[in-house]
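Architecture and fold: a report
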Amino acid sequence: MIHMTDIHFIREQRHILHDVSFHANKGENWVLLGKNGSGKTTLLEMMTGYQFPSRGKVEVLGNRYGQCDVREVRKKIGYNSQSLFEKLNLADTVWEVVATGEYAYLRFYQEIPEDVKRKAYGMLDKIGLPHVAGQPLGTLSQGERKKVMLARSMMLQPQLLILDEPCSGLDLYEREKLLTSIQDFSDQEMTILYVTHHIEEIIPIFTHVALIEQGRIIAAGPKEEVLTPEHLYSAFQVPLEVEWFCNRPWIKVL
Ligand SMILES: Nc1ncnc2c1ncn2[C@@H]1O[C@H](COP(=O)(O)OP(=O)(O)OP(=O)(O)O)[C@@H](O)[C@H]1O
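Per-chain numbering applies: the sequence of each chain, read as written, is numbered from 1 onward. Totals for whole chains, interfaces and linings use every residue, but because this is a predicted model, local features are given only for residues with pLDDT of at least 70 and side-chain atom pairs only at 80 or more, for both listing and counting.

**Digging into the overall build of the protein**
Here is the rule: Secondary structure elements are defined from DSSP: runs of H or I of at least 4 residues count as helices, runs of E of at least 2 residues count as strands, and each element is numbered from the N terminus. With the radius of gyration taken over C-alpha atoms, the globule rule is written as 2.2 Å times the number of residues to the power 0.38. Exposure in this text rests on C-beta crowding, where 20 or more other C-beta atoms within 10 Å of a residue's own make it buried, 12 or fewer make it exposed, and counts in between make it partly exposed. The C-beta atoms are placed from the backbone. Placing C-beta atoms from the backbone, we regard two residues as in contact once those atoms come within 7 Å.
The number of helices and strands found in the protein is 9 helices and 12 strands. Since a compact globule built from 254 residues should have a radius of gyration of about 18 Å, the 18 Å found for the protein is in line with a globular shape. When the backbone C-alpha atoms are referred to their principal axes, the protein occupies close to 50 × 45 × 35 Å. Across the 254 residues that make up the protein, the buried fraction comes to 37%. For the protein, restricting intrachain contacts to residue pairs at least 6 apart in sequence, the fraction spanning at least 24 positions comes to 61%.

**Describing the pairing of strand E10 (residues 216-222)**
Heads up, the condition is: Should DSSP find at least two bridges between two strands, the strands are regarded as paired.
The sheet contact formed by strand E9 (residues 208-213) and E10 spans 6 bridges and is antiparallel. In the strand pairing of E10, valine 209 is matched with glycine 221. Where E9 hands over to E10, the hairpin turn is made up of 2 residues, of which glutamine 214 adopts a positive phi near 45°.

**Focus on the nonpolar core**
Filter applied, for reference: Buried Ala, Val, Leu, Ile, Met, Phe, Trp, Tyr and Cys residues whose C-beta atoms connect them within 7 Å together make up a nonpolar core.
Grouped together as the largest cluster of nonpolar side chains are 65 residues, with contacts concentrated most on Leu32, Val98 and Ala210. Not counting the four nearest positions on each side in its chain, leucine 32 is found in contact with Lys40, Leu43, Leu193, Val195, Ala210 and Ile212.

**Notes on the site of the ligand**
Stated formally: A residue counts as near a molecule or strand when its C-beta atom, positioned from the backbone, falls within 6 Å of it. The residue classification treats Ala, Val, Leu, Ile, Met, Phe, Trp, Tyr, Cys and Pro as nonpolar and Asp, Glu, Lys and Arg as charged. All others, Gly included, are polar.
Surrounding the ligand, one finds 13 residues, the nearest of these being Arg11, Asn36, Lys40, Thr41 and Thr42. Secondary structure elements with two or more residues in the shell around the ligand: strand E2 (14-24) and helix H1 (40-47). The element best represented in the shell around the ligand is H1, accounting for 3 residues. Counted by class, the shell around the ligand contains 1 nonpolar, 8 polar and 4 charged residues.

Take a look at the structure:
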């Protein structure tokens, strides 16, 4: 699925990623966890081919970057991030925004085919937002916007779904609803890579966790093995305890 080997990323004399190797296989759903500025987004941009490493090898869905057409690979990747949302037009109608996901476009400049329109409405139904389909994107609440972005990233039935902090800015209720929607979309054919700072967002569908600190992966593997107080202290420098409840980790800061 994703094979990143010996990755270094150096910009303006700064070593932003340092000898990173990361491997995600089919049937696994990963969380990439680390504090602000640790290198998470940079790593995602390499997986989506928007950044190239200074050294190292990136292979995604069987395609070696540098030897393939990245645009073709991107058609198999659902990507959802705040920076993508900012590129969308708030005046566009919600169902059209969802429909653009079918082509990985930001906007349509021609008529949208009827079957794509129906599919976009179907996605909005599935996510519980059929009633906002005709509204401009800019009129939606933060929670509704995040759900629309998730629906948009599912239009192409991606093999790999990358979610970069999808719950940021949401209250507890909206966060839990969005996490439920992500769970509803998950299936064995799709690998999810979820980026967050928040341990309590690691819902049961996630099987593996990679911890990143100052551009290095400091632990990676099955979530129960990685989410230990020792590893989390190394990643966040905060002493804490981890408690598991309903197959979700919760932290207590000591
Ligand atoms: N092209 C670049 N040139 C210089 N510095 C960069 C570049 N890209 C990223 N950085 C730096 O690399 C570090 C890691 O950034 P990145 O956005 O990957 O972190 P992050 O873990 O996603 O952070 P956050 O959780 O705050 O979004 C930051 O200090 C950032 O300033």
